[in-house]
6 protein chains.
Amino acid sequence: MRPSGRANDEMRQVTFTRDFTCHAEGSVLVEFGNTKVICTASIEENVPGWMRGKGKGWVTAEYGMLPRSTHSRMRREASGGKQSGRTQEIQRLIGRSLRAVVDMEALGERQIMIDCDVIQADGGTRTASITGAYVAMYDAVQKLMKKRGLKRNPIHGQLASVSVGIYNGEPVLDLDYPEDSNAETDMNVVMNSGDHFIEVQGTAEGHAFTRTEMNSMLDLAEKGIRELIAAQSAVLNLD
Amino acid sequence: MRPSGRANDEMRQVTFTRDFTCHAEGSVLVEFGNTKVICTASIEENVPGWMRGKGKGWVTAEYGMLPRSTHSRMRREASGGKQSGRTQEIQRLIGRSLRAVVDMEALGERQIMIDCDVIQADGGTRTASITGAYVAMYDAVQKLMKKRGLKRNPIHGQLASVSVGIYNGEPVLDLDYPEDSNAETDMNVVMNSGDHFIEVQGTAEGHAFTRTEMNSMLDLAEKGIRELIAAQSAVLNLD
Amino acid sequence: MRPSGRANDEMRQVTFTRDFTCHAEGSVLVEFGNTKVICTASIEENVPGWMRGKGKGWVTAEYGMLPRSTHSRMRREASGGKQSGRTQEIQRLIGRSLRAVVDMEALGERQIMIDCDVIQADGGTRTASITGAYVAMYDAVQKLMKKRGLKRNPIHGQLASVSVGIYNGEPVLDLDYPEDSNAETDMNVVMNSGDHFIEVQGTAEGHAFTRTEMNSMLDLAEKGIRELIAAQSAVLNLD
Amino acid sequence: MRPSGRANDEMRQVTFTRDFTCHAEGSVLVEFGNTKVICTASIEENVPGWMRGKGKGWVTAEYGMLPRSTHSRMRREASGGKQSGRTQEIQRLIGRSLRAVVDMEALGERQIMIDCDVIQADGGTRTASITGAYVAMYDAVQKLMKKRGLKRNPIHGQLASVSVGIYNGEPVLDLDYPEDSNAETDMNVVMNSGDHFIEVQGTAEGHAFTRTEMNSMLDLAEKGIRELIAAQSAVLNLD
Amino acid sequence: MRPSGRANDEMRQVTFTRDFTCHAEGSVLVEFGNTKVICTASIEENVPGWMRGKGKGWVTAEYGMLPRSTHSRMRREASGGKQSGRTQEIQRLIGRSLRAVVDMEALGERQIMIDCDVIQADGGTRTASITGAYVAMYDAVQKLMKKRGLKRNPIHGQLASVSVGIYNGEPVLDLDYPEDSNAETDMNVVMNSGDHFIEVQGTAEGHAFTRTEMNSMLDLAEKGIRELIAAQSAVLNLD
Amino acid sequence: MRPSGRANDEMRQVTFTRDFTCHAEGSVLVEFGNTKVICTASIEENVPGWMRGKGKGWVTAEYGMLPRSTHSRMRREASGGKQSGRTQEIQRLIGRSLRAVVDMEALGERQIMIDCDVIQADGGTRTASITGAYVAMYDAVQKLMKKRGLKRNPIHGQLASVSVGIYNGEPVLDLDYPEDSNAETDMNVVMNSGDHFIEVQGTAEGHAFTRTEMNSMLDLAEKGIRELIAAQSAVLNLD
């Protein structure tokens, strides 16, 4: 029995609020149950120095948590003077994932900056971030295409992410914090709308996991990601 | 004529959403028109090293802006490795202001950590932060009093803050971004519910200001702060 | 009765020693009683990146305290690896104040770097810094005008700064350290030679202050600044 | 055809040189072909602050590359002032992996510090690091058991790591640098001697990968890790 | 012929101004010609963590240059966020030298913090710093002995420092900036009042130097240091 | 009697292993007994900003120690966020020394980056670094001359370095760690193949040293350096 009473293959309620803030080209509040993340996509008409003059674009991401998005207050990274290893790991994952569905030549020599800021955390902040950032990026690219008259959509296909794990000996989908902090294994999966894998990151916390367990977890992830992609399609009016 | 069409002595619409996030002892979304700030108050059962063993508490504040809370994206301070001078100035101001209405002995040897995170900026983020942080702190202290059985309320009186300035040669109340970025003079005022001053910070941007202009601005500030204190009272059910 | 025996509206003895060090274009040792600050103004024939190509100049300031300028030794900021919030606040104030009397187009595309280094502190280091930095900047600009053949003096008018406060319930002028550390209210005022305000920064330390108290303090500030501007005029042979 | 001429399921030559340096409790030079890493394990008789007094130990790791371990010289992280996100990601992976085979209560309140320093890089530095660090840790723990009279070996089972990927459309084992920099998918796998997974980290570089490709890669990883565990057993005289 | 017209074995005029600032236990302005350094010695009643409980004291030093102590303005190290290699080298040299004349057991478990801040630089700032810091430390220790009733003077003997070099092919004493920046060899020597060496640091700038040249330079250094020690004795009323 | 049983004027066994790693233009493992340092020389086809356009080259060096190259583990400088004063002092010494035998105009507008990484420390790491770096630089320059068709060898002459000291009252050559940590005086000497001095850095640790002692140490250094230069010649096939 899961703490939330959900079935093992049941996701939390997922919502996307578009245009959540007014300045960014794309701005989405994504909620996976009590996990809430503001995802913005900003279009910048230049690229990092090492990419200049190649006619290609870039997508990169930054991630942060408000100090009191968590049960007890965390130190503010800006005042500590550096980002933790965990933060860097997550923002590298978000950027790498989103780049997998962007055609950099079609984007042209400009950069999409993704910012994912967690305002309330209840497990799965990185998977919610990726899933919400896709929607924000989609909105930003639509505006860009109109404004700059791009002929080809640089985004090909869709992408979403969910966590799966082994909790109390059973494979479960979309772990919340009480599960996450007690899971024996925790796996984050990113897939595209063609059912292919972009990222798989599985970690044994308590006991090592078998090939059979891995397969069960991947089955759950596939189910969850299909639901997330359908939810994205609905909010973006894609079919 | 102000860009927003407001009268010179007219504030933007102000709202407080209490319990905006679920983990902090006090959590308020404050809105001054399009300026939106999440203010949380966290109670920590310890004080900084230099205060230990004195039987007194402390209130301190941190401030941040989401990178895309502004028109064009700002660098994330956590990735830049340090907080700007402006950020430090503002968080010192917030902390100093709130301390003015807290009795540190009644609070006891514990700390109230205020976090003000701007999610959308349209001028006046520091005054909105102070005004909203008061409400978050009030909520947090109410919980603390119940939980720890405090007999005396460590908070005495109320406090709010507003900006005033000279725009197009006329004194105006509660500047938004288009005014703020073109004002000749900009002044931030913090007052308590007894109409006394906690902080006055006035800066000539374009031309130096006269004693008469200063008096007009202080009159406007007094009017605005009375309205803000009334709005706080309403949302907190104080009379 | 003030600890120093001064009358409430009496300033400490103020002296300016020009050409205090030999390399800077302007170099002044300013003394407000026992507070001693070396102020230098350096002319640099370039501007920060964001200002290039606009035909305008810039004035900026840095502030520091020698580790043993104070009663007990402070940590050296260079070895600590960063400047404190207080330091940044002060150097932003100095730069902002001096910019108010400089015509950036007449200055041309070059920068005036002000350095204020406190060698002995007894209260009022920021107001002494601003007042002394004006003299150093004046000297540096005179040399610049000769060397580069500037036709118009980029400096318009004079500027000085003094602190006022409420000490033992009475408004006093130019607080020294024993007063500063016990004042109920502390206000730093910057005014120009036309009796207009450049900056007003008032902070209630112990009790909030009234409009009447504010007016008394501003009267004292006006008196003190007139005396400082007269002293600057005397040492610079202005009339 | 692989650049090295190896069969798709063929590992590079792997060697372990024990006691490579003289001061560390465990010191191993591990070579996966041209990739060479010095792995040391240091026993420290204390634990991080947050673990004190719990009677349990800890294992943590740090990772670095000599500036000229790579084709072109990389910036030295110590002079740059911080470790890159990649470095942090790798050292977190190494530490987390090794902790999976250590019984922290049997270890007692002490810490094993692992250092993996790449002196020559040709792909797979993180998998070589984990595989070599196990041997160094084993040696260090043997010495510790003798010195401190530990009754139970805190290390349970063995652990090794290898990379697999899709190169030119085919699953391959143990990628060297020319393969790694052109692979369509890259996966690092850590397994224990019971054929269970500790970590799986797969990333699509060029095209997303299918479940079938994932299974082929996991088959290869299992084969490679069995060979590595056999090689560890041989050099450590385990059976 | 030297730029200053001095004879090859002639020092610049040397002066010590004691009690230059009022807060430090020892405070000396030392001048070697146009090189001016404020040296303060602060007594702190504690020692660094690694020395606690051993009944011994410590002497350490920090060094800095005001940004405009030099011909063109240097970046302020506090705003740059770190001390340069040169600064660290110099402050390590100052501390190490002064420790050579202090009996740490007689000092007791307290620390002498030396600060050397260059307000005007014209070559030889490190040798002036050491020579002046001795006087400041002497004054501070005299006060300490009285205040704490120390029976034995922790300072044994005297110590001074001077630079020597090869300029235009000839050995010269006490190089000023024009010489220093063109010298073929530059050597800093620290000696005690017994004519013994504490430190010798010689560097070939343009051409390598011979044993004969080294001997000539050491002869000059010995002469200069004897004069400096005599000047210290005069100002401190030692015989 | 020295701890190692060596005669006072006897060096440890010295070996150079060329081409120790495969990527750097020059790569040498140098061993002075148990002290082992990897020295690499990298040719970079650009110079620091302040040298551009002058047609001259540059040589610079960085130095590091693996955390467990020492008896007890040292903190990794990259994770600590800065290089220690000792590290900076050493790398400045290495760079300065090597520049003394390079003709920067013959080198042309390119840079030689030297990296010295200590993998095992037993005293004398800086002198071994300089001596080994010379060999690595020589190899790198030979490759550069062929690749770029340089007509003149930018390296003129040879250079080596050794430590000398006073141990148990007697002058000794090439101190190992047990001697180094107990020496009364420690001196590092860098000389060229013409018996001239490049650097002399002597420090009294326990007691100040006399001119006679200094001369004895310099005699030993000269003997040691001649042997090191002969060993370099042998391995590089110079005569």
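Here, residues in each chain are numbered from 1, in the same order as that chain's written sequence. Lettering of chains starts at A and numbering of ligands starts at 1, both following the order in which they are written. Per-residue local features of the predicted model are confined to residues with pLDDT of at least 70, and side-chain atom pairs are confined, for both listing and counting, to 80 or more; whole-chain, interface and lining totals are unaffected and use all residues. Hydrogen atoms and water are omitted, and side-chain values are computed over all heavy atoms in the structure.

The second copy of the chain is related to the first by a rotation about an axis and a shift along the axis. The transform that puts chain D on chain F rotates by 180° and translates by 0.0 Å along the axis, for an RMSD of 0.0 Å. What we have between these two chains is a two-fold relation. Measuring from the rotation axis to each C-alpha of chain D, the shortest distance belongs to Ala78 of chain D, at 1.8 Å. Superposition of the copies was done by least squares, using only C-alpha atoms of residues whose pLDDT is at least 70 in both.

The two copies are related by a screw operation: chain B maps onto chain A through 180° of rotation and 0.0 Å of translation along the axis, at an RMSD of 0.0 Å. Most of the interface of chain B is mirrored in chain A: 100% of its interface residues are interface residues there too. By definition in these notes, contact holds between two residues if any of their heavy atoms fall within 4.5 Å.

Another aspect to go through is the UniProt feature "binding site: phosphate" (unreviewed entry) in chain A. When the UniProt feature table is mapped to this numbering, "binding site: phosphate" (unreviewed entry) covers Arg86, Gly124, Thr125 and Arg126 of chain A. Spanning 41 residues, the annotated positions come together in the fold, the maximum distance between their C-alpha atoms being 13.4 Å. Numbering of helices and strands starts at the N terminus; helices are DSSP runs of H or I of at least 4 residues and strands are runs of E of at least 2. When you line up the elements, Arg86 of chain A lands in helix α2 (residues 85-99). Note on Arg86 of chain A: relative accessible area 26%, which makes it partly exposed. Once residues within four sequence positions are removed from consideration, Arg86 of chain A is found in contact with Tyr63, Met65, Thr125 and Arg126 of chain A together with Arg92 of chain D. Turning to its location among the elements, Gly124 of chain A is positioned in the loop between β5 (111-120) and α4 (125-148). For the exposure calls, accessible area comes from a 1.4 Å probe over protein chains only, and a residue counts as buried if that area is under 20% of its type's maximum, exposed if over 50%, partly exposed in between. Take Gly124 of chain A: its relative accessible area is 14%, and that puts it in the buried class. Discounting residues that sit within four places of it in the chain, Gly124 of chain A has contacts with Arg12, Thr35 and Leu175 of chain A. UniProt positions are given in the numbering used here, feature names are shortened, and annotations may be inferred rather than shown by experiment.

A word on the pattern of salt bridges. We define a salt bridge as a side-chain nitrogen of Lys or Arg found within 4 Å of a carboxyl oxygen belonging to Asp or Glu. Under the criterion given, the structure shown has 144 salt bridges over all chains. The partner of Arg2 of chain C in a salt bridge is Glu179 of chain C, with the nearest N and O atoms 2.6 Å apart. Remark: Glu179 of chain C occurs in helix α5 (residues 177-180) and Arg2 of chain C occurs in the segment before β1 (14-18); sequence separation between them is 177 residues. Between Glu179 of chain E and Arg6 of chain E there is a salt bridge; the shortest N-O distance is 3.6 Å. Here the residue Glu179 of chain E occupies a position in helix α5 (residues 177-180), and Arg6 of chain E occupies one in the segment before β1 (14-18), the gap between them amounting to 173 residues. The residues Glu179 of chain E and Arg6 of chain E share a single accessibility class, namely buried. Ionic contacts of the salt-bridge type, sharing partners, join the residues Arg2, Arg6, Arg12, Asp122, Asp174, Asp176 and Glu179 of chain A into one network.

With that settled, the discussion passes to the packing of helix α2 (residues 85-99) of chain D against helix α4 (residues 125-148) of chain D. All names here are of chain D. All axes are obtained by fitting lines to C-alpha atoms, using only the stretch in contact for helices, and the reported angles, taken between N-to-C directions, cover 0 to 180 degrees. Their axes nearest at 10 Å, the elements α2 and α4 cross at an angle of 40°. Comparing their axes, α4 and α2 come out oblique. Taken as a pair, α2 and α4 cross one another with a handedness that is right-handed. Between α2 and α4, the residues in contact are Arg86, Glu89, Ile90, Leu93, Ile94, Ser97 and Leu98 and Thr125, Arg126, Ser129, Ile130, Ala133, Tyr134 and Met137, respectively. When an angle is under 35 degrees it counts as roughly parallel; over 145 it counts as roughly antiparallel; between 65 and 115 it counts as roughly perpendicular; any other value is oblique. Each helix crossing is assigned a hand: it is left-handed if the near helix lies turned anticlockwise from the far helix by less than a right angle, otherwise right-handed if that turn is clockwise.

Residue and element names in this part refer to chain B. Think of it this way: DSSP has to see at least two bridges between two strands before they count as a pair. Spatially, five strands are ordered β1-β2-β3-β5-β4 in an open sheet, and the strand pairing comes out mixed. Two strands in the sheet have a free side with no partner beyond their single neighbour: β1 (14-18) and β4 (58-65). Mean inter-strand twist for the sheet, computed between neighbouring axes without regard to direction, equals 20°. Where strand β2 (residues 26-32) meets strand β3 (residues 35-44), seven bridges bridge the pair, whose relative direction is antiparallel. Its bridge partner lying in β3, Leu29 is registered against Ile38. Sheet strands in contact with helix α2 (residues 85-99) are β4 and β5 (111-120), and its direction is about 145° off that of β4. Across the face of the sheet, helix α4 (residues 125-148) comes into contact with β1, β2, β3, β4 and β5 while running at roughly 35° to β3.

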